[in-house]
Amino acid sequence: MSNQGESPMQANAVVAQPVNKRFKGLWSNYNYVIIFLVIFIAFLIINGSETSWTSITNIFLHSAILGTISLGMGLVIMTGDIDLSVGSSFVFIGGLTIIVYNAAGSIFVTLLFAIAAGLLCGALNGVLVGRFKMPSFIVTLASMLIFRSVSQYMMNEMGETRYRVEAGMESYKSLFGFGNGNILTIPQLAVVFWIVAAAMIYMTTCMKFGKNIYAIGSNERAAKLAGVNVIWTRIKVFAISGALVGLAAFLKIAKDTSFDPATSGKNFELYAIASVVIGGISMSGGKGKIAGIIFGTMAFTIIDKIITALGMNALLNDTVKGLILLVAVGLQMIQKREK
């Protein structure tokens, strides 16, 4: 037989090659799951006996709002663009939505307004980026400054320090109950996030529009030659991202019933980008899975829990997150070089 002349070292090398290849395949396709599991296991070890089902469902709850925003950010990054305005538009839309709720007293009208306002804010960015070919970094940086500034100005003119829902309203208990209620012990906000994520997964994997997003991010010129309407696709992507920011603002109102224009949504654009990257989506565009954002956001949320369990100074929170983000990007770069 041909294998009789092989040394034990050669035989071990032959066995190791398929194993190594399988591991690389798993990492390439499910790196976001592996990163999440490593962080989650670290949380279980550090938290020890204090870990309970309630602490796990709290992770679901606290990832819902940021996760909803991150889904839209993921679409934008897939096209090779960036949206730095999501944190500021979050507080801007949230403030307007509370004003509408206090005036209309209808949860349904408030939800529609939040989504519509977010869609318009996102579409404005999309038109400037897609139609007028302005860099998304500059456009959304300007939007970030404008939205938060206007929100603070409006609050100052009203003579208040926070946007607040009027607790005496008839539908207040229903709204607050939705934001803090459970479905079979699972927070309702988390269920909303997962439903939206499932819809986004379907859109990016089964619909032509989703395939166009990947095509633009991979090679815009080739996408144009293939008949993809790049301008309109970009506008729609930013509009969807804005609508999800509006939905997230509504969820925040339902959970906390207030918005602080100075601090609400602070650094959300950076946290959303980090969740997307940890979720395995390439910053260069055209690669990644929306499902990864679910794991990326939860991993990002768990980091906060780990820092609290370790008794670390809260001021080091962003330091730890930044280091983990660098590791995630570094792993992406290594994977890209190997390919």
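Here is a short report on the structure shown in this document. (Residues numbered from 1 in each chain as written. Predicted model: local features only at pLDDT ≥ 70, side-chain atom pairs only at ≥ 80, totals over all residues. Heavy atoms only, no water.)

### Some thoughts on the overall build of the protein chain
Helix and strand content of the protein chain: 13 helices and four strands. The C-alpha radius of gyration computed for the protein chain amounts to 22 Å, which stays within 12% of the reference 20 Å derived for 339 residues, consistent with globular compactness. Counting only C-alpha atoms and orienting by the principal axes, one finds that the protein chain spans roughly 85 × 60 × 35 Å. For the protein chain, the residues scored as buried account for 48% of the 339 residues in total. Taking all contacts inside the protein chain whose residues are at least 6 apart in sequence as the whole, residues at least 24 apart take part in 79%. By element, 66% of the accessible surface of the protein chain is carried by carbon and sulfur atoms, the whole surface being about 16,700 Å². Here the protein chain holds 25 positive side-chain charges and 15 negative ones, and the gap between their average locations is 12 Å. (Helix = DSSP H or I, 4+ residues; strand = E, 2+ residues; numbered from the N terminus. Rg over C-alpha atoms; globule rule 2.2 N^0.38 Å. Buried < 20%, exposed > 50% of the residue type's maximum accessible area, 1.4 Å probe, protein only. Contact = heavy atoms within 4.5 Å. Areas by Shrake-Rupley, 256 points an atom, 1.4 Å probe, with all protein chains shown as cover. Lys, Arg positive; Asp, Glu negative; His and termini not counted. Charge placed at Lys NZ, Arg CZ, Asp CG, Glu CD.)

### Comments concerning the side chain of serine 89
Among the secondary structure elements, serine 89 is positioned in helix H3 (residues 86-104). Judged by relative accessible area, serine 89 falls into the buried class, the value being 6%. With residues up to four places along the chain from it excluded, the contact list for serine 89 reads Gly94, Phe147 and Val245.

### Re empty space enclosed by the protein
Counting across every chain of the model gives two cavities of 30 Å³ or more. Considering the residues around the largest cavity, the lining is formed by Asp83, Ser85, Val86, Ser89, Ile93, Gly118, Cys121, Gly122, Asn125, Ser241, Gly242 and Val245. Every element with two or more residues in the lining of the largest cavity is listed here: H3, helix H4 (107-131) and helix H10 (230-256). With four residues, the top contributor of residues to the lining of the largest cavity is H4. Class assignment for the residues of the lining of the largest cavity results in four nonpolar, seven polar and one charged. (1 Å grid on protein atoms, 1.4 Å probe; cavity = no way out; pocket = protein on both sides within 12 Å on 5 of 7 lines; lining within 4 Å. Points joined across faces, edges and corners; volume = space filled by probe spheres on them. Nonpolar A, V, L, I, M, F, W, Y, C, P; charged D, E, K, R; others polar.)

### Here's the deal with unusual backbone geometry
A positive phi angle is found at threonine 257, which is not glycine, with a value near 60°. Along the polypeptide, threonine 257 turns up in the loop between H10 and strand E4 (258-259). A positive phi angle, close to 65°, is found at asparagine 267, a residue other than glycine.

### A short note on the packing of helix H2 (residues 53-78) against helix H12 (residues 291-310)
In helix packing, the relevant descriptors are the interaxial angle and the interaxial distance, both defined with respect to the helix axes. Packing of H2 against H12 leaves a shortest axis separation of 8 Å and a crossing angle of 135°. Relative to H12, H2 is oriented oblique. Crossing of H2 over H12 shows right-handed handedness. Along its contact with H2, which presents Asn58, Ile59, Phe60, His62, Ser63, Leu66, Gly67, Ser70, Leu71 and Gly74, the element H12 presents Ile293, Thr297, Met298, Phe300, Thr301, Ile302 and Lys305. A class-by-class count of the residues in the contact of H2 with H12 yields eight nonpolar, eight polar and one charged. (Axes fitted to C-alpha atoms, helices over the stretch in contact; angles between N-to-C directions. Parallel < 35°, antiparallel > 145°, perpendicular 65-115°, else oblique. Left-handed = near helix turned anticlockwise from the far one by under 90°.)

### A word on the packing of helix H7 (residues 188-206) against helix H8 (residues 208-218)
Relative to each other, H7 and H8 sit at 75°, their axes nearing to 5 Å. When the interaxial angle is binned, H7 and H8 end up roughly perpendicular. Residue-level contacts link Met203, Thr204, Thr205 and Cys206 of H7 to Lys208, Phe209, Gly210, Lys211, Ile213 and Tyr214 of H8. In the contact of H7 with H8, the residues fall into five nonpolar, three polar and two charged.

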